[in-house]
Amino acid sequence: MVLKESGEMYLETIYVLRKDKGFVRAIDVGTELGYSKPSVSRAMGILRDGGYIKVAQDGGITLTEAGLEVAERTYERHTVLSELFMKLGVDEENAVNDACKIEHVISTTTFAALKKHLNEDL
């Protein structure tokens, strides 16, 4: 199953919320993203059926190995791009918003080059 941008956003959000809170439910994801309950419910079903998440009896959501891989990759892209844009002088709000858009479409090759360049500057 090929994930769309929205699927990556859900997985990244679950990843970040689990890091911050430890326990994540669909309502937490919806609140964080500003999405309706029906939209989140549908997305959780798609991600569960695709093997990216598991939902426990108590509603707790965990990432599978495949889900964790996508979430970590997306989160890394987001943080590296945000940092790079801010180093270039972009204010934090715009840097984060632009990184959020670009993280889903940037190629692996281009991202690796940007990450290497950023690390060389440190």
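Residues numbered from 1 in each chain as written. Predicted model: local features only at pLDDT ≥ 70, side-chain atom pairs only at ≥ 80, totals over all residues. Heavy atoms only, no water.

A. Quick look at the overall build of the chain. Broken down by element type, the chain carries six helices and two strands. Secondary structure of the chain in N-to-C order comes out as α-α-α-β-β-α-α-α. Computed over the C-alpha atoms, the radius of gyration of the chain is 15 Å, within 12% of the 14 Å expected from 2.2 N^0.38 for a compact globule of 122 residues. Along the first, second and third principal axes, the C-alpha set of the chain runs to 45 × 25 × 25 Å. Each of the 122 residues in the chain was classed as buried or not, and the buried ones make up 36%. The contacts in the chain between residues at least 6 apart in sequence include a share of 59% that link residues at least 24 apart. Summing over all exposed atoms, the chain offers an accessible surface of approximately 7,500 Å²; the carbon and sulfur share of this is 51%. (Helix = DSSP H or I, 4+ residues; strand = E, 2+ residues; numbered from the N terminus. Rg over C-alpha atoms; globule rule 2.2 N^0.38 Å. Buried < 20%, exposed > 50% of the residue type's maximum accessible area, 1.4 Å probe, protein only. Contact = heavy atoms within 4.5 Å. Areas by Shrake-Rupley, 256 points an atom, 1.4 Å probe, with all protein chains shown as cover.)

B. Representation of the packing of helix α1 (residues 5–21) against helix α3 (residues 37–49) within the structure. Put simply, α1 and α3 touch, their axes get as near as 11 Å, and they point 90° apart. In terms of axis orientation, α1 runs roughly perpendicular to α3. Two secondary-structure elements touch here, α1 through G7, Y10, L11 and I14 and α3 through S39, V40, A43, M44 and L47. A per-class count over the contact of α1 with α3 returns seven nonpolar, two polar and no charged. (Axes fitted to C-alpha atoms, helices over the stretch in contact; angles between N-to-C directions. Parallel < 35°, antiparallel > 145°, perpendicular 65-115°, else oblique. Nonpolar A, V, L, I, M, F, W, Y, C, P; charged D, E, K, R; others polar.)

C. Looking closely at the packing of aromatic side chains. Overall, the coordinates contain two aromatic pairs when judged by the stated rule. It is R77 that lies over the ring of F111; its NZ or CZ is 5.5 Å from the centre. (Phe/Tyr/Trp six-rings, centres within 6.5 Å; stacked < 30°, edge-to-face > 60°. Lys NZ or Arg CZ within 6 Å of the ring centre and 35° of its normal.)

D. Region of interest: the side chain of E103. Within the element layout of this structure, E103 appears in the loop between α5 (92–102) and α6 (108–121). This buried residue, E103, is left without a salt bridge; R77 holds the nearest opposite charge, at 8.4 Å. A polar atom in the side chain of E103 sits 2.7 Å from the side chain of H78. Residues in contact with E103, not counting those within four places in the same chain, are M9, E12, T74, R77, H78 and L81. (Lys, Arg positive; Asp, Glu negative; His and termini not counted. Salt bridge = Lys/Arg side-chain N within 4 Å of Asp/Glu carboxyl O. Polar contact = N/O pair within 3.5 Å; in protein donor to acceptor, adjacent residues only side chain to side chain.)

E. Spotlight on the confidence of the model for the chain. Residue-level pLDDT values for the chain average 92, and 97% of them are 70 or greater. Of all secondary-structure elements in the chain, the lowest mean pLDDT belongs to α6, at 86, while strand β2 (residues 61–63) reaches the highest, 97. (pLDDT = per-residue confidence, 0-100.)

F. Fine view of the nonpolar core. Ranked by internal contacts, the top residues of the largest apolar core, which has 18 residues, are L11, M44, L47 and I53. Listing elements by their share of this core, those giving two or more residues are α1, α3, β2 and α4 (65–87). Ranked by residues supplied to this core, first place goes to α1 with five residues. Ignoring any residue separated from it by four or fewer positions in sequence, one finds L11 in contact with L3, L47, Y52, I53, L63, G67, V70 and A71. With nine residues, the next largest nonpolar core counts L81, L84, I106 and F111 among its residues. (Core = buried A, V, L, I, M, F, W, Y, C linked by side-chain atoms within 4.5 Å.)

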